[in-house]
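Residue-level structural notes
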Amino acid sequence: MKYVLVTGGVVSGLGKGVTASSIGLLLKACGLRVTSIKIDPYLNTDAGTMSPFEHGEVFVLDDGGEVDLDLGNYERFLDIKLTRDNNITTGKIYQSVLDNERKGDYLGKTVQVVPHITDAIQKWIERVALIPVDGKEGPADVCVIELGGTIGDIESMPFIEALGQFSYHVGPGNFCLIHVSLVPVLNVVGEQKTKPTQHSVRGLRGLGLTPNILACRSTKALEDNVKAKLSQFCHVAAENILTLYDVPNIWHIPLLLRDQKAHEAILKELNLIGEPDLQEWTARTRVYDILHEPVRIAMVGKYTGLSDSYLSVLKALLHASVACRRKLVVEWVAAGDLEDVTAKEAPDVYKNAWDLLKGSDGVLVPGGFGDRGVQGKILAAKYARENKVPFLGVCLGMQIAVIEFARSVLGLHDANSTEFDPETSYPCVIFMPEGSKTHMGGTMRLGSRRTFFKVPNCKSAKLYNNDSFVDERHRHRYEVNPNMVQQFENAGLSFVGRDETGQRMEIIELPSHPYFVGAQFHPEFKSRPGKPSALFLGLIAAASGQLDAVLQNYGHASKLLPNGIGNGKPTVKTYQNGNAIKSSNGSLNGVYSNGNDNGNGAHH
Ligand code: GLN
C-alpha cells in the first residue's frame, strides 16, 4: 500500500477536499486502484449531530456512517463506496483508546497521547486502507489521506505526530506528502506573495513532516520566479510546485493537475509509473462548460444561506442536468418565505419567493429535521401537484407530499407527521424505528436498505432500469403510516416502492401527474458524474421536456442525446499560464456517444 497525504496551510477553505479527490481521480486514471481516508480533528465521534448550517451536509454511507461531506466528494470523483471507518475523528480515536484502557489492554502503563493515541491513529489508517471500496477484491494500490483543518491547529497535533511517524514507518517510495497552500496576490502591486506558504511549510517541517509537492491556490498560474522562490525557501523541486488557479468548475481540477504533470511528480515519489487516461472525464467537463439552455429548479429548503448544507442534492441535480444537456439554475426558496405569515410581515419577500417558485421548471423539497418551514414546503408541494410542475421530494420532502395530499385531497385538515404534531388526529407520518421504541439513541433508520418495486412500469421503476429492486441510503426516523396507505391509494397516490416487509413506504408517485415523485431514501448520495441518480434524472428530464424519451430508454439519458454535442468538432481544454486554451485533439466519443452505452447517463 502506498499513501498520499494531503495537508492544508495558511487558511481553511482552500478546497483541500476537492484537491485530494482530484489527485485520487488522477491516480485512478493512471490505472491504480484508489481508496481514501478523511481525518477530521474535531471531537465529535461522527458528523451525525453536527448542524448542516455550520458544517455543511451530513453525508451518509452504505453502512450507515454519518460522515463529513468530503467523503461524498471522494465517492463521486472516484466512484467508490467508503465505510464509516474511512472518516477518522479525534472522538473516534480517543474512544477506541479509552475503551481499550477500560478493558485493561494497557494495564500498568500510563496511557498517553504519544504513543497510545498516535499508535491508534496509525493502526487505524493501516487497517482501513486495506478495505476494498471499488467493488473489486483485495486492497487498493494507493490510499489518499486528507488531514482536515490547517497546519498549526491545536487539535490536529496528535494526527501530525502520528503521520510523521507513519511516513517514517512506511518508508520512502511509499509516502507522498502534498501540501495545499495559498499564494495571495496583493491588489496594489499585483504580486504573488510566497511568505504565507513559506511559513506554513516551515510549520509543517517543524512538526516532522516534509512536503514532496506544493499545491498553491492562486487566482492565476504561479509565475516562474515565484515558483523558484518557493522552491528555494521550501526545499521542493520547482516541477513539484503546482498551481490550483481558479477554474470554471471543480471538474477541471483533475485536468489542471494532469496538465501540470502532477501525476508524474506523485508517481515518482511512490516509485510507480503511469499515464492518465482522462478522456471520458475531459469530454464530460467540456459538455458541462458549454451548456447554455437553462433548467430552473426551485429548492424549497430550510437552509438557503449555505449551499454546502445540500451539497449532494446539488451535485445530483448537476449530474442529471449534464446528462440532459441543460444548464442547471438553482433557485433558492426559503420555505418560510412562502408562508402566509410572511405575506403579512414582509410582503416583498413573500412575493419574491412565490415568483421564484412559479418561474421554475421543477420543484425539489429536500430532506430535513424539525418543523421550521414545514408549512411552506407543504405549499410548494401543493403548487407543484396542482399545476403539474415536476416535483421531487426527498425524505422529509416525500413526507411533506404525503401530508399535503392528506390535507388537500383526502380533506383531513389537520393531517400531520407526529414529528411536528404528536397530537394530530390524522397521523399520516409516524415514528417507526427499526430498533427500540423507548431508547432514543440509535433509532434512526440509517444506511443502505432495499426498496422493491410493487408497480412495475411505473415512472420510477423505469428510471431505475426496470430493475425489481434498488438499494439506496436512508437517514430518517419517521415513515408513512402503513394504516393509511389504502386510503391514499384509493385517492390516486401510488406507493410504488416498499421495503421487503411491505410496511415501509419507500417511493410515492402520482400517476396522473407528469412527474410527481417522492422517496423516503436519499438518492442523491449515490449520484455520480456520468451516472446520475435515477429519480433526479427523472426530475430534470421532466423539467426539460425529455422525460418520455428517458423513460423509453429505461433511465438511460445518454442514448437519446446527439452524438458529440458541438457537432463533430469537440475540443478539449488544456491549460497554459492559468488560462484555458483550446486544442483540437479531444473527442467526445465513448462518453456521450449514442447507442453505445458505457454507463454514462445511466443509473446502475
Ligand atoms: N425528519 C424526518 C424523519 O426523521 C425526515 C428526515 C430526513 O429528511 N432526512 O423521518
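Whatever comes next refers back to the structure up there.
No experiment lies behind these values; they were computed from the predicted model shown. (Residues numbered from 1 in each chain as written. Predicted model: local features only at pLDDT ≥ 70, side-chain atom pairs only at ≥ 80, totals over all residues. Heavy atoms only, no water.)

A closer look at the overall build of the protein
Heads up, the rule is: Counting from the N terminus, the helices are DSSP H or I runs at least four residues long and the strands are E runs at least two residues long. Only C-alpha atoms enter the radius of gyration, while the globule expectation follows 2.2 Å times N to the 0.38, with N the number of residues. Partly exposed residues are those whose accessible area sits between 20% and 50% of the maximum for their type, while under 20% is buried and over 50% is exposed, using a 1.4 Å probe and protein chains only. The contact criterion used is simple: two residues touch if any of their non-hydrogen atoms lie within 4.5 Å.
Counting secondary structure elements, the protein contains 20 helices and 25 strands. Here the C-alpha atoms of the protein give a radius of gyration of 25 Å, agreeing with the 25 Å that 2.2 N^0.38 yields for 604 residues. Counting only C-alpha atoms, the protein reaches 75 × 70 × 50 Å along its principal axes. The proportion of buried residues among the 604 residues of the protein is 57%. Counting contacts in the protein only where the partners sit at least 6 residues apart, residues at least 24 apart contribute 72% of the total.

Re the environment of Asp141
Using the following cut-off: Here a polar contact is recorded for every N or O atom pair within 3.5 Å, except that within protein the pair must consist of a potential hydrogen donor and a potential acceptor, and residues adjacent in sequence are included only if both atoms are side-chain atoms.
With respect to the helices and strands, Asp141 occurs in the loop between helix 5 (113-129) and strand 6 (142-147). Considering only alpha carbons, one finds Asp141 and Arg33, 108 residues apart in sequence, at a separation of 5.1 Å. Not counting chain neighbours up to four residues away, the residues in contact with Asp141 comprise Met1, Lys2, Leu32 and Arg33. A distance of 2.7 Å separates the side chain of Asp141 from the backbone nitrogen of Arg33, its partner in a polar contact.

Digging into the side chain of Gln192
Within the secondary structure, Gln192 is located in strand 9 (residues 191-192). A polar side-chain atom of Gln192 sits 3.1 Å from the main-chain carbonyl oxygen of Ala221. Separated by 2.9 Å, the side chain of Gln192 and the backbone nitrogen of Glu223 make a polar contact. Contact partners of Gln192, with chain neighbours within four places excluded, come to Val183, Pro184, Val185, Ser218, Lys220, Ala221, Leu222, Glu223 and Val226.

Overview of the sheet that holds strand 6
We apply this condition: Being paired, for any two strands, means DSSP has found at least two bridges between them. Here the axes come from fitting lines to C-alpha atoms, over the contacting stretch only for helices, and the angles between their N-to-C directions go from 0 to 180 degrees.
Within the open sheet, the seven strands sit side by side as 5-2-6-1-7-10-11. Their pairing is parallel. In this open sheet, the two edge strands, each paired with only one partner strand, are strand 5 (87-89) and strand 11 (241-245). Neighbour-to-neighbour, the strand axes of the sheet open up by a mean angle of 20°, direction not taken into account. Bridge analysis of strand 1 (residues 2-8) against strand 7 (residues 175-182) gives six bridges, and the strand direction is parallel. Within strand 7, the residue paired with Leu5 across the bridge is Leu177. Against the sheet, helix 10 (residues 262-269) makes contact with strand 1, strand 7, strand 10 (213-218) and strand 11, and its axis sits at roughly 140° relative to strand 7, the strand it touches most.

Description of the state of the cysteines
What counts, and what does not: The rule for a disulfide is simple: a pair of cysteine sulfur atoms within 2.5 Å.
Taken as a whole and judged by the stated rule, the model has zero disulfides. We note that Cys30 lacks a disulfide partner, and the nearest cysteine sulfur, in Cys176, lies 13 Å from it. Of the residues examined, Cys30 reaches a relative accessible area of 13% and is grouped as buried. In this structure Cys324 is a free cysteine whose sulfur lies 19 Å from that of Cys458, the closest cysteine sulfur available.

A few points about the pairing of strand 1
In terms of residue burial, strand 1 counts as a mostly covered element, since seven of its seven residues are buried. Residues of strand 1 alternate between two faces, with Lys2, Val4, Val6 and Gly8 on one and Tyr3, Leu5 and Thr7 on the opposite face, all of them buried.

Considerations on unusual backbone geometry
Residue Pro115 follows Val114 across a cis peptide bond; omega there is 10°. Positive phi outside glycine occurs at Lys388, with the angle close to 55°. In this fold, Lys388 is placed in the loop between helix 15 (374-386) and strand 15 (391-394). The backbone of Asn465 sits at a positive phi, close to 70°, despite the residue not being glycine. Relative to the elements of secondary structure, Asn465 occurs in the loop between helix 17 (459-463) and strand 19 (469-476).

A short note on empty space enclosed by the protein
Convention followed: In the cavity and pocket records, a cavity denotes points on a 1 Å grid over the protein atoms alone where a 1.4 Å probe fits but cannot get out, a pocket denotes an open set with protein on both sides within 12 Å along at least 5 of 7 lines, and lining residues are residues with an atom within 4 Å of a point. Grid points are joined across faces, edges and corners, and a volume is the space filled by probe spheres set on the points. Note on residue categories: nonpolar means Ala, Val, Leu, Ile, Met, Phe, Trp, Tyr, Cys or Pro, charged means Asp, Glu, Lys or Arg, and polar means any other residue, Gly included.
Within this structure, the stated rule accounts for three cavities of 30 Å³ or more. The space that makes up the largest cavity amounts to roughly 70 Å³. The wall of the largest cavity is formed by Gly368, Phe369, Cys395, Leu396, Gln399, Glu419, Arg475, His476, Arg477 and Tyr478. Of all the secondary-structure elements, those providing two or more residues to the lining of the largest cavity are helix 16 (396-408) and strand 19. Looking at the lining of the largest cavity residue by residue, the classes come out as four nonpolar, three polar and three charged.

What about the pattern of salt bridges?
A pair can form between side chains of opposite charge whenever their charged atoms are brought close. The condition is simple: Salt bridges are counted wherever a side-chain nitrogen of Lys or Arg sits within 4 Å of a carboxyl oxygen of Asp or Glu.
By the definition in use, this model includes 29 salt bridges. Here Arg296 ties to Glu331 by a salt bridge, and the two come within 3.3 Å at their closest N and O atoms. Linking Arg296 in strand 12 (residues 294-301) with Glu331 in strand 13 (residues 327-334), this pair joins segments that are 35 residues apart in sequence. Since its relative accessible area comes to 16%, Glu331 is described here as buried. It is possible to trace a salt-bridge network through shared partners that takes in Asp62, Glu75, Asp79, Arg473, Arg528 and Lys531.

Points about the sheet that holds strand 13
With respect to topology, nine strands assemble into an open sheet ordered 13-12-14-15-23-22-21-18-19, the strand pairing being mixed. In this open sheet, the two strands that pair with only one neighbour each are strand 13 and strand 19. Taking the axes of each pair of neighbouring strands and ignoring which way they run, one obtains an average angle of 25° across the sheet. Where strand 12 meets strand 13, eight bridges bridge the pair, whose relative direction is parallel. The residue bridging Ala298 from the neighbouring strand is Glu331, located in strand 13.

So, the layout of surface pockets
Looking at the largest pocket, its volume works out to about 970 Å³. Together, 41 residues line the largest pocket, and Leu69, Asp70, Asn73, Asp308 and Leu311 are the ones closest to its centre. Ranked by residues supplied to the lining of the largest pocket, first place goes to helix 12 (residues 311-323) with four residues.

Things to note about the environment of Gly370
Here Gly370 lies in the loop between strand 14 (362-365) and helix 15. Expressed as a C-alpha distance, the spacing of Gly370 and Phe420, which sit 50 residues apart in the sequence, is 7.1 Å. When sequence neighbours within four positions are dropped, the list of residues in contact with Gly370 reads Glu419 and Phe420.

Some details on the site of the ligand
Stated formally: Any residue with a non-hydrogen atom lying within 4 Å of a molecule or strand is treated as near it. In this description, accessible areas are obtained by the Shrake-Rupley approach with a 1.4 Å probe, and a residue is regarded as covered only by the protein chains that are shown.
Contacts to the ligand come from Gly367, Gly368, Phe369, Cys395, Leu396, Gln399, Glu419, Arg475, His476, Arg477, Tyr478 and His522. Within the side chain of Gln399, an N or O atom sits 3.1 Å from an oxygen atom of the ligand. Taking Arg477, its main chain carries an N or O atom lying 3.0 Å from an oxygen atom of the ligand. Summarising the interface, the protein chains cover 99% of the accessible area of the ligand, which totals 300 Å² for the free molecule. Elements represented by at least two residues in the shell around the ligand include exactly helix 16 and strand 19. For the shell around the ligand, a count of residues per class yields four nonpolar, five polar and three charged.

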